[in-house]
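Letter by letter, the chains look like this.
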Amino acid sequence: MRESRHRRLTRSAADRILDGVLGGFGQYFHISANLLRIIYVILTIMTAIMPGVIIYLILLIIMPPDPANPGILGMLHTLGDLSKQVTRDDHSRSRRQLTDVEEKDIKRNERS
């Protein structure tokens, strides 16, 4: 029962032909990925090819990669996260602004 709670739909790193989308569905639903591929190809051909290709591309973007082996898109996502972290660090080192400073405070600091 605990296994079903932690199981996530991810692209497969082990069972992939293009990018593991249908392999991920096969692992998630415990179905042969080759059977899913045959069904997908037949349905794609029957629907004039373009809708099937668009659906596959959308699934490729939406489905997260296998955490054990993220693949090329996962590495690009990691690089994007690193670049965001670097820009956050640059902003945190920016100059501090003083508030509630009065002329009396400035004159006192010059004497000491």
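Whatever comes next refers back to the structure up there.
A brief report on the enclosed structure follows. (Residues numbered from 1 in each chain as written. Predicted model: local features only at pLDDT ≥ 70, side-chain atom pairs only at ≥ 80, totals over all residues. Heavy atoms only, no water.)

Some thoughts on the pattern of salt bridges
Convention followed: Within this document, salt bridges are pairs made up of a side-chain nitrogen of Lys or Arg and a carboxyl oxygen of Asp or Glu, the two lying within 4 Å of each other. A simple rule labels every residue: compare its accessible area, found with a 1.4 Å probe on the protein chains alone, to the largest value its type can have, and call it buried under 20%, exposed over 50%, or partly exposed in between. The helix count covers DSSP runs of H or I at least four residues long, the strand count covers runs of E at least two residues long, and both are numbered beginning at the N terminus.
Taken as a whole, this structure holds three salt bridges when the rule is applied. Between Arg11 and Asp19 there is a salt bridge; the shortest N-O distance is 2.6 Å. In this structure, Arg11 and Asp19 share a single accessibility class: buried. Arg37 is paired through a salt bridge with Asp15; the nearest N and O atoms lie 3.4 Å apart. With Arg37 in helix 3 (residues 33-46) and Asp15 in the loop between helix 1 (2-6) and helix 2 (21-29), this pair connects stretches of sequence that are 22 residues apart. Overlapping salt bridges bring together Arg11, Arg16 and Asp19 as one network.

Quick word on unusual backbone geometry
Phi angles above zero are rare outside glycine, and Ala48 is one such case at about 70 degrees. Take Ala48: it is sitting in the loop between helix 3 and helix 4 (50-62). Unlike most non-glycine residues, Ile49 shows phi in positive territory, near 65 degrees. Secondary-structure assignment places Ile49 in the loop between helix 3 and helix 4. On the basis of relative accessibility, which here comes to 46%, the residue Ile49 falls in the partly exposed class.

A word on helix 2
This is how it is decided: The contact rule is simple, with two residues in contact once any of their heavy atoms fall within 4.5 Å.
Of the residues making up helix 2, those classed as buried are Val21, Leu22, Gly23, Gly24, Phe25 and Gly26. Buried-residue contacts for helix 2 involve helix 3 and helix 4. With its phi angle positive at about 55 degrees, His30 sits one or two positions after the end of helix 2.

A closer look at helix 3
Think of an α-helix as turning once every 3.6 residues; residues three or four places apart then point the same way. Let me state the cut-off plainly: Under the convention used throughout, the expected extent of a helix is 1.5 Å for every residue step, that is, one less than its residue count.
Here helix 3 contains 14 residues, and its C-alpha end-to-end distance of 20 Å stays within 8% of the 20 Å for a straight helix at 1.5 Å per residue. Next to the buried residues of helix 3 lie helix 2 and helix 4. Phi turns positive one or two residues past the end of helix 3, at Ala48, with a value near 70 degrees.

Function cannot be read off these values alone, since they describe shape.
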